[in-house]
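Analysis of the macromolecular model
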Amino acid sequence: QVQLVESGGGLVQPGGSLRLSCVASGSIGSINGMGWYRQAPGKQRELVADITSGGGTNYADSVKGRFTISRDNAKNTVYLQMNSLKPEDTAVFYCNARIRVKYRNNVNDYWGQGTQVTVSS
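I will try to describe carefully the structure that is included in this document. (Residues numbered from 1 in each chain as written. Predicted model: local features only at pLDDT ≥ 70, side-chain atom pairs only at ≥ 80, totals over all residues. Heavy atoms only, no water.)

Re the overall build of the protein chain
- When helices and strands are tallied, the protein chain shows zero helices and eleven strands.
- Secondary structure elements in the protein chain, listed N-terminal to C-terminal, are β-β-β-β-β-β-β-β-β-β-β.
- For the protein chain, the C-alpha radius of gyration of 14 Å lies close to 14 Å, the compact-globule estimate for 121 residues.
- Taking the principal axes of the C-alpha coordinates as reference, the protein chain spans close to 50 × 25 × 25 Å.
- Partitioning the intrachain contacts of the protein chain with sequence separation of at least 6 by distance along the chain shows that 56% fall at a separation of at least 24. (Helix = DSSP H or I, 4+ residues; strand = E, 2+ residues; numbered from the N terminus. Rg over C-alpha atoms; globule rule 2.2 N^0.38 Å. Contact = heavy atoms within 4.5 Å.)

Structure below.
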């Protein structure tokens, strides 16, 4: 069917940068919105940023000016460039995409397996 695979997480010092990538593969008809969510220990999953197929973006207030979301439609890939990272950014980051599977009309949400981002000195 459809898979989302994330990469790019890791351990970084405060003030550092990381770039996350997420590739969608499988029987894809079209991809609508794509986005990144995160879940810190003991907290609910929250939206970090999302991007429409046309490139319109939306960010959580906590990451505005520090994170940038982008996508390459030809590669079915979404990116999250994270700069000026803070300890409170520590979380598991999940990729999300709204995808229409080939030969079907309905659009469903798909999720990646998550990638750990740890910001610590």
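Once the structure has been displayed, the description carries forward.
Some words on the state of the cysteines
- Tallying each qualifying case throughout the model produces one disulfide.
- Each sulfur in the disulfide pair C22 and C95 lies 2.1 Å from the other. Taking the sign of the S-S torsion, -80° for the link of C22 and C95, the bridge is left-handed. Highlighted residues: C22 in strand β3 (residues 18–26) and C95 in strand β9 (residues 91–101), separated in sequence by 73 residues. In terms of burial, C22 and C95 fall into one category: buried. (Disulfide = S-S within 2.5 Å. Buried < 20%, exposed > 50% of the residue type's maximum accessible area, 1.4 Å probe, protein only.)

A closer look at the sheet that holds β3
- Strand order in the open sheet formed by four strands is β1-β3-β8-β7, and the pairing between neighbours is antiparallel. If you trace the sheet from one side to the other, it starts and ends with β1 (2–7) and β7 (67–72), each paired once. Neighbour-to-neighbour, the strand axes of the sheet open up by a mean angle of 15°, direction not taken into account.
- Pairing geometry for β1 and β3, over six bridges, is antiparallel. When the sheet's bridge partners are listed, V5 is paired in β3 with V23. (Pairing = 2+ DSSP bridges. Axes fitted to C-alpha atoms, helices over the stretch in contact; angles between N-to-C directions.)

Here's the deal with the nonpolar core
- Residues W36, L80, M82, F93 and I99 are the most contacted members of the largest nonpolar core, which totals 33 residues.
- At the level of secondary structure, the elements contributing two or more residues to this core comprise β1, β3, β4 (28–39), β5 (46–51), β7, β8 (77–82), β9 and β11 (115–119).
- Top element by residues in this core is β9. It accounts for six residues.
- Not counting residues within four places of it along the chain, the set of residues in contact with L80 comprises L18, R19, L20, W36, V48, A49, F67, T68, I69 and F93. (Core = buried A, V, L, I, M, F, W, Y, C linked by side-chain atoms within 4.5 Å.)

Overview of the environment of P41
- Structurally, the position occupied by P41 is in the loop between β4 and β5.
- P41 gets classed as exposed once you look at its relative accessible area, which sits at 73%.
- In this structure the C-alpha to C-alpha distance between P41 and D109, which are 68 residues apart in sequence, comes to 23 Å.

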